[in-house]
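# Topology and contacts: notes
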Amino acid sequence: MSILWVLGAGQLGAMLKQAGTPIGVDVRPIDIESTDVLPLNAEDIVTAEREEWPDTAATKQLATHNNFVNLATFPQLADRLTQKQWLDRLNLATAPWFPVETDSTAKYAYQMLGDRVLMKRRRGGYDGKGQYWLKESELTEIPDDWKGQAIAEQAINFDEEVSLVGVRGRNGEKYFYPLTLNLHINGILYASISPLERLKPLQTKAEKMLSKLMDTLDYVGVMAMECFRVGDNLLINELAPRVHNSGHWTQAGSSVSQFENHVRAVTNLPLAPSEIKNQSMMVNLIGVDLDHEWLKIKGLELHWYGKEVRPGRKVGHLNFCSNDKNLLQSALKELNLPEPYSEAINWMTENLP
Ligand code: ATP
Ligand code: MG
Ligand code: MG
């Protein structure tokens, strides 16, 4: 069996490896700072757990391998400018925007997009880092180091945030998980719920949007599409050409997780519709210490990433999947997490069916 190398050795790489083991795929996440000479074979496959990477000894070896799946797509989606251009070109709805050029002014931004404008750095942003709000009421100007480096987006007054995770095989076959409802606090994903009956009417529309993208890019593997729901419409917020945090619930809630589906797709193994088991919810562990007392909670599945705990850093997640509504609600009551988790717990309590 050939080896699946993963560029990056964070939690996504670790979970890809965990998913590859039972289906007999040798998945090897590689730290981008590794200086090892990697024993790459011609028939091996390469994938990535991140959208972009610096040139290092490790990434150079991986990125020059002939079987790096989606290699050409990464730079297209890792840069928010080209990502937005793709969305416009394909007529896919997204927040109105313009590129922040060296001569762009805040006045222009307010004229074009309204009195609240969100600048996002073209590269490297995650968990809401790399964002800067322009507010006309506060006469905010565009800082010099954002000029030529960002896009500016209209503030969207969305009803809620949803995401779609899909997988596409080499022959173009595609499968999708049910839409996931997501709660972000300060730009970081705190919690997800899926499936939800009330999101079903949007499923086909969302699948068509993501299909168009994956087919046009001839993409292979798992891709995630984050959306704002505004009434019956979906506006694409951003795309991730990889497994995605809002798909973590599939580890507990689906016969085939997003991680296994990605491994299957990139290694050209059979794909099949996965069976959605029950109601799932996921809680991200952000900046909190490991607490093995959590394990006393019925139905809880802990995924701890083994990273150093820092404020605002994702260090693990909790999955729950059950057909027993009371079990999910009582698990939420038993979770003892610091602020701002009360908001996340209330949100889940209210949104669970
Ligand atoms: P991720 O960790 O998901 O990659 P990111 O740093 O790349 O995050 P975005 O997903 O673009 O950033 O934005 C993070 C969050 O900020 C969104 O989920 C949403 O809550 C809020 N946000 C982003 N764009 C807008 C917008 N145009 N209007 C209002 N809120 C927005
Ligand atoms: Mg992002
Ligand atoms: Mg996002």
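Note that the coordinates shown come from a computational prediction; the quantities given were computed from them, not determined experimentally.

## A short note on the overall build of the chain
- Helix and strand counts for the chain stand at 10 helices and 16 strands.
- Dimensions of the chain, computed from the C-alpha atoms along their principal axes, are close to 55 × 50 × 40 Å.
- Every one of the 353 residues in the chain was classed for burial, and the buried ones make up 39%.
- Contacts in the chain between residues far apart in sequence, at least 24 positions, make up 65% of those at least 6 positions apart.

## What about the site of ligand 1?
- Lining the immediate environment of ligand 1, one finds 19 residues, of which Ala95, Glu153, Ile156, His184 and Gly187 sit closest.
- When contributions to the shell around ligand 1 are tallied by element, the ones reaching two or more residues are β5 (116–121), β7 (150–154) and β13 (233–240).
- Considering only residue class, the shell around ligand 1 consists of 5 nonpolar, 7 polar and 7 charged.
- The residues that make up the shell around ligand 1 include at least three from each of domain 2 (96–154) and domain 3 (160–351).

## Quick word on unusual backbone geometry
- With an omega dihedral of -10 degrees, the bond running from Ser194 to Pro195 counts as a cis peptide bond.
- Positionally, Pro195 belongs in the loop between β11 (188–194) and α6 (200–216).
- Glu339 connects to Pro340 through a cis peptide bond whose omega is 10 degrees.
- As for its position among the elements, Pro340 is in the loop between α9 (325–334) and α10 (341–351).

## Considerations on the domain arrangement of the chain
- Here the chain is described as being made up of domain 1 (3–68), domain 2 (96–154) and domain 3 (160–351).
- Look at where the C-alpha atoms of domain 1 and domain 3 centre, and you get two points 23 Å apart.
- Taken together, the contact between domain 1 and domain 3 spans 16 residues of the former and 13 residues of the latter.
- Mapped onto the side of domain 1 that touches domain 3, the elements with two or more residues apiece are α1 (11–20) and β3 (45–48).
- If one sorts the elements of the side of domain 1 that touches domain 3 by residue count, α1 sits on top with 7 residues.

## Digging into the UniProt feature "domain: ATP-grasp" (unreviewed entry) in the chain
- The sites that carry the UniProt feature "domain: ATP-grasp" (unreviewed entry) are, in the present numbering, residues 84–267.
- Note that residues 84–267 is 24% helix and 34% strand, and that its end C-alpha atoms are spaced 29 Å apart.

## Some points on the sheet that holds β5
- In spatial order, the strands read β4-β7-β5-β6; together these 4 strands make up an open sheet with antiparallel pairing. Each of the sheet's edge strands pairs with one partner strand only, and the pair in question is β4 (97–100) and β6 (131–135). When the angles between neighbouring strand axes are averaged without regard to direction, this sheet yields 25 degrees.
- Note: β4 against β7, 4 bridges, orientation antiparallel. When the bridges of β7 are listed, Pro99 appears paired with Ile151.

## Description of helix α4 (residues 80–89)
- Burial in α4 covers these residues: Arg80, Gln83, Lys84 and Leu87. Buried positions in α4, seen along its axis, are confined to an arc of 95 degrees and lie on one side of it.
- The inward-facing, buried residues of α4 abut α3 (73–78), β4, β5, β7 and β13.
- Two residues or fewer past α4, Asn91 is found with a positive phi of approximately 60 degrees.

## Here we look at the sheet that holds β3
- The 3 strands are arranged β2-β1-β3 in an open sheet whose pairing can be described as parallel. The sheet terminates laterally at β2 (26–30) and β3, the two strands that pair on one side only. The average undirected angle you get between the axes of adjacent strands in this sheet is 25 degrees.
- Judged from the 5 bridges that link them, strand β1 (residues 3–7) and β2 form a sheet pairing that is parallel. Across the sheet, the residue bridging to Val6 is Pro29, located in β2.
- Packing against the sheet, α1 makes contact with β1 and β2, and its axis sits at approximately 170 degrees to β2.

Reading guide: rules and limits
- Residues numbered from 1 in each chain as written.
- Chains lettered and ligands numbered in written order.
- Predicted model: local features only at pLDDT ≥ 70, side-chain atom pairs only at ≥ 80, totals over all residues.
- Helix = DSSP H or I, 4+ residues; strand = E, 2+ residues; numbered from the N terminus.
- Buried ≥ 20, exposed ≤ 12 C-beta atoms within 10 Å, placed from the backbone.
- Contact = placed C-beta atoms within 7 Å.
- Near = placed C-beta within 6 Å.
- Nonpolar A, V, L, I, M, F, W, Y, C, P; charged D, E, K, R; others polar.
- Domains from an automatic or database assignment.
- UniProt positions renumbered as here; feature names shortened; annotations may be inferred.
- Pairing = 2+ DSSP bridges.
- Axes fitted to C-alpha atoms, helices over the stretch in contact; angles between N-to-C directions.
- Arc of directions from axis to C-beta.

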